[in-house]
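Residues per chain, in single letters:
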Amino acid sequence: MSTIVYVLNGPNLNLLGMREPEIYGHDTLDDIAGMLEDRARELGLEIDLRQSNHEGHLIDWLHEAQSAGAHAVLLNAGAFTHTSIALYDAIKSIRTPVIEVHLSNPHRREEFRHLSWVGKAALGTVAGFGANSYVVALEAAARL
Ligand code: DQA
């Protein structure tokens, strides 16, 4: 198994920093990548961070994480979290541990965000700590 942790980000997360900052904060995805790279170095891990607005890319990357022997996947599937049985199946289809990540806490928000298909398949969830959710999830991944 490698020391690579895939950090997969779904729709609209390319707009982080500009997008509803009162909910998601001012950090951009590049800022988050920098925070993760610093912490990963301390933990003896490497990160491979990607973002796509397309569900199929996230599914392909989950499969790839397994074939690449990734240590773990951190997955913020954005709104696909709440709709995608295909992502649920993809997570179930691989042995690589997947940790669900959210900047906000979906349970404190609209009812339609309370169902998480990703959460039903993932090993665990970190949500509600803004950009730090990713760092906490990486720390959890390092202990697996
Ligand atoms: C999110 C929460 C989702 O409900 C939302 O659709 C997002 C971002 C989060 O990180 O808080 O796009 O995944």
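Residues numbered from 1 in each chain as written. Predicted model: local features only at pLDDT ≥ 70, side-chain atom pairs only at ≥ 80, totals over all residues. Heavy atoms only, no water.

A. Broad picture of the site of the ligand. Neighbouring the ligand are the residues Arg19, Tyr24, Asn76, Gly78, Ala79, His82, His102, Leu103, Ser104 and Arg113. One nitrogen or oxygen atom from the side chain of Arg19 is found 3.0 Å from an oxygen atom belonging to the ligand. Across the complex, the protein chains shield 99% of the 320 Å² of accessible surface that the ligand would expose by itself. In the shell around the ligand, the residues fall into three nonpolar, five polar and two charged. (Near = heavy atom within 4 Å. Polar contact = N/O pair within 3.5 Å; in protein donor to acceptor, adjacent residues only side chain to side chain. Areas by Shrake-Rupley, 256 points an atom, 1.4 Å probe, with all protein chains shown as cover. Nonpolar A, V, L, I, M, F, W, Y, C, P; charged D, E, K, R; others polar.)

B. Structural context of the packing of aromatic side chains. Throughout the structure, instances matching the rule amount to one aromatic pair. Looking at Lys120, its charged tip hangs above the ring of Trp117, at a distance of 5.9 Å from the centre. (Phe/Tyr/Trp six-rings, centres within 6.5 Å; stacked < 30°, edge-to-face > 60°. Lys NZ or Arg CZ within 6 Å of the ring centre and 35° of its normal.)

C. Seen up close, the side chain of Ser133. Examined against the element boundaries, Ser133 turns out to sit in helix α6 (residues 132-142). Of the polar contacts made by the side chain of Ser133, one reaches the backbone oxygen of His102; its length is 2.8 Å. (Helix = DSSP H or I, 4+ residues; strand = E, 2+ residues; numbered from the N terminus.)

D. Spotlight on the nonpolar core. With 23 residues, the main nonpolar core has Ile32, Leu36, Leu74, Tyr134 and Leu138 as its most contacted residues. Of all elements in the fold, only β1 (4-9), α2 (29-43), β3 (72-76), β4 (98-102) and α6 reach the threshold of two or more residues within this core. In terms of residue count, α6 provides more of this core than any other element does, five residues in total. Among residues more than four places away in sequence, those in contact with Ile32 are Leu16, Asp27, Leu103, Ala131 and Tyr134. By size, the runner-up hydrophobic cluster in this structure holds 19 residues, among which are Tyr6, Leu58, Leu75 and Ala90. (Core = buried A, V, L, I, M, F, W, Y, C linked by side-chain atoms within 4.5 Å. Buried < 20%, exposed > 50% of the residue type's maximum accessible area, 1.4 Å probe, protein only. Contact = heavy atoms within 4.5 Å.)

E. Fine view of the packing of helix α3 (residues 55-67) against helix α4 (residues 85-93). In the contact formed by α3 and α4, the axes pass within 9 Å of each other and the chain directions differ by 5 degrees. In terms of orientation, α3 lies roughly parallel with respect to α4. Each of Glu55, Leu58, Ile59, Leu62, His63 and Gln66 in α3 lies in contact with α4, whose residues at this interface are Ala86, Leu87, Ala90, Ile91 and Ser93. A breakdown of the residues in the contact of α3 with α4 according to their chemical character gives seven nonpolar, three polar and one charged. (Axes fitted to C-alpha atoms, helices over the stretch in contact; angles between N-to-C directions. Parallel < 35°, antiparallel > 145°, perpendicular 65-115°, else oblique.)

F. Region of the structure containing the pattern of salt bridges. All told, the structure shown has seven salt bridges when counted by the stated rule. A salt bridge links Arg39 to Glu139, with the shortest nitrogen-to-oxygen separation between them at 2.6 Å. Highlighted residues: Arg39 in helix α2 and Glu139 in helix α6, separated in sequence by 100 residues. Overall, Arg39 belongs to the partly exposed group, its relative accessible area being 24%. (Salt bridge = Lys/Arg side-chain N within 4 Å of Asp/Glu carboxyl O.)

Purely spatial values, then, with no claim about function.
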